[in-house]
Amino acid sequence: MTTISESATGVDPRQDAIEDVERQLVRMMSDGKRRFRELATQVHPDLHAPSLAVLTHLVREGQQPQSALTSVLHADKGQISRTVSQLVELGLVVREPDPADRRAMIVAATDHARQRIAEVGWPQRRMLHDRLGEWQLDDVRELAELLRRLNENKDSS
């Protein structure tokens, strides 16, 4: 059913709202990618942004089988293997055989990596806390819930 405002303007309000969400997400992702690249070089001058994603995951979640990183980070085995090798070369992770399965490898962030992430990651977290700190608590919770719903539905289409 077409509403009066739709027929008069030719604009579907739902479509317009979805496009506005898209514009805001693109802007947020673009800014985030830029900040992520900057953060990677602050952790280590030779660190690439995709490697930072693996490193921050290991810092947050602790040691993991290398194979688990492929599913958690939605990457292929070769990409994760190359990324982990770079992180080992930079002294940011260690990779050891899994005692339970000597064919598998366990990957863990080094103390140095945890320290660097803590040092350079603070401005990013601080910015988010500052921006959302001005919002009403219910609004922050609603944003978290809406983002959760959006993320949970990502594989349904």
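Residues numbered from 1 in each chain as written. Predicted model: local features only at pLDDT ≥ 70, side-chain atom pairs only at ≥ 80, totals over all residues. Heavy atoms only, no water.

Peer 1: Got a sec to walk through the overall build of the chain? Specific residues and values, please.
Peer 2: Looking only at helices and strands, one finds seven helices and three strands in the chain. Along its sequence from the N terminus, the chain presents helices and strands in the succession α-α-α-β-α-α-β-β-α-α. Put simply, the chain has 157 residues, and 25% of those count as buried. A separation of at least 24 residues holds for 42% of the contacts in the chain among residues at least 6 apart in sequence. (Helix = DSSP H or I, 4+ residues; strand = E, 2+ residues; numbered from the N terminus. Buried < 20%, exposed > 50% of the residue type's maximum accessible area, 1.4 Å probe, protein only. Contact = heavy atoms within 4.5 Å.)

Peer 1: Talk me through the nonpolar core; I want residue IDs and the actual numbers.
Peer 2: Of all hydrophobic cores here, the largest spans 21 residues; its most connected members are Val43, Leu47, Leu55 and Leu92. Those elements giving two or more residues to this core turn out to be α2 (13-43), α3 (49-61), α5 (77-89), β3 (101-109) and α6 (111-133). Per-element accounting of this core gives the leading share, four residues, to α3. When near neighbours in sequence (up to four residues on either side) are disregarded, Val43 contacts Leu52, Leu55, Leu92, Arg116, Ile117 and Val120. (Core = buried A, V, L, I, M, F, W, Y, C linked by side-chain atoms within 4.5 Å.)

Peer 1: Lay out the layout of surface pockets with the relevant residues and their values.
Peer 2: Of the pockets and cavities examined, the largest pocket occupies roughly 2000 Å³. Where the lining of the largest pocket is concerned, the elements lending two or more residues are α2, α3, α6 and α7 (137-152). Looking at which element gives the most residues to the lining of the largest pocket, the answer is α2, with 14 residues. Considering only residue class, the lining of the largest pocket consists of 18 nonpolar, eight polar and eleven charged. Lining the second largest pocket, in full, are Ile18, Val21, Leu143, Leu146, Leu147 and Leu150. Within the residue set of the lining of the second largest pocket, elements represented by two or more residues are α2 and α7. For the lining of the second largest pocket, the leading source of residues is α7, giving four residues. (1 Å grid on protein atoms, 1.4 Å probe; cavity = no way out; pocket = protein on both sides within 12 Å on 5 of 7 lines; lining within 4 Å. Points joined across faces, edges and corners; volume = space filled by probe spheres on them. Nonpolar A, V, L, I, M, F, W, Y, C, P; charged D, E, K, R; others polar.)

Peer 1: So what's going on with the pattern of salt bridges? Residues and values would help.
Peer 2: When their charged atoms lie close together, side chains carrying opposite charge are able to pair. Throughout the structure, instances matching the rule amount to six salt bridges. With a closest N to O distance of 3.6 Å, Arg23 and Asp20 form a salt bridge. Highlighted residues: Arg23 and Asp20, both in helix α2, separated by three residues, approximately one helical turn. A residue is classified by how much of its surface remains accessible, and Asp20, at 36% relative accessible area, is partly exposed. The shortest N-O distance in the salt bridge between Asp101 and Arg103 comes to 3.0 Å. For Asp101, a relative accessible area of 26% translates into the label partly exposed. Note on Arg103: relative accessible area 75%, which makes it exposed. (Salt bridge = Lys/Arg side-chain N within 4 Å of Asp/Glu carboxyl O.)

All we've got here are geometric facts, nothing functional implied.
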